[in-house]
Amino acid sequence: PYDFSNVEESGSVIDKAVELFGGIDYLVLNHASIAVSLIIGNENYQRPEFISKTFNINVQSLFELTFKALPYLKKSGGHIFVTSSINGEFPLGPYTLYTSTKHALNGFFYSLQQELLARKSNVGITIGALGAILTDDIKA
């Protein structure tokens with residue numbers, strides 16, 4: 001298991017993948033910390049440590065994984081798939097902190113996509129803005 005709240009160490013996932021498989025063809029970024037509550041009146045969600053940890057997991061660790069993987073993806077003509085959320089396109093429900101992290105992801109990866117296109121890179125990016133996925137924790 002990896003602790004994606006530790007941004008510097010999150011890139012070790014890429015090192016391990018390269019060690020095991022010799023390179024990287026696809027990078028699927030599909031991890032998040034979901035803070036589901038109204039932020040006003042929730043002192044825990046307003047603590048700088050909680051906000052920082054949420055952004056480390058939901059945003060900065062994905063940046064780190066991407067930066068570490070890009071040289072291998074360029075070599076293989078690979079692809080990045082970013083699991084985002086419909087909340088990254090427009091806010092829904094009591095997900096203020098989560099939504100802000102998804103906006104940051106979308107802004108970064110849409111911009112990176114344009115940068116790669118401008119450089120005529122062979123690396124592709126898909127941002128999946130998924131809707132609600134009902135689980136035992138999230139009821140309709």
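Residue numbers restart at each chain and count upward from 1, following the sequence in its written direction. Totals for whole chains, interfaces and linings use all residues, but because this is a predicted model, local features are given only for residues with pLDDT of at least 70 and pairs of side-chain atoms are given and counted only at 80 or more. The side-chain quantities take in all heavy atoms of the structure and omit both hydrogens and water.

Peer 1: I keep staring at the pairing of strand E2 (residues 79-83) and nothing clicks. Help me out?
Peer 2: Each regular strand carries side chains that alternate between the two faces of the sheet. Any two strands with at least two DSSP-identified bridges between them are counted as paired. Each helix is a run of DSSP H or I of at least 4 residues and each strand a run of E of at least 2, with the numbering of both proceeding from the N terminus. Where strand E1 (residues 26-29) meets E2, four bridges bridge the pair, whose relative direction is parallel. Residue pairing for E2: Leu-29 is matched across the bridge by Val-82. The sheet contact formed by E2 and strand E3 (residues 124-128) spans five bridges and is parallel. If you follow Thr-83 over to E3, its bridge partner there is Gly-128.

Peer 1: Sorry, what's going on with the sheet that holds E2 here?
Peer 2: Strand pairing in a sheet takes place through backbone hydrogen bonds and is either antiparallel or parallel in direction. Here three strands make up an open sheet; going across it, the order is E1-E2-E3 and the pairing parallel. In this open sheet, the two edge strands, each paired with only one partner strand, are E1 and E3. On average, each strand axis in the sheet is inclined to that of its neighbour by 10 degrees, with strand direction left out of account. Across the sheet, helix H4 (residues 48-76) is in contact with E1 and E2; its angle to E1 comes to roughly 170 degrees. Each axis is a line fitted through C-alpha atoms, taken for helices only over the stretch in contact, and angles between the N-to-C directions span 0 to 180 degrees. The contact definition used throughout considers only heavy atoms, calling two residues in contact when any of these lie within 4.5 Å.

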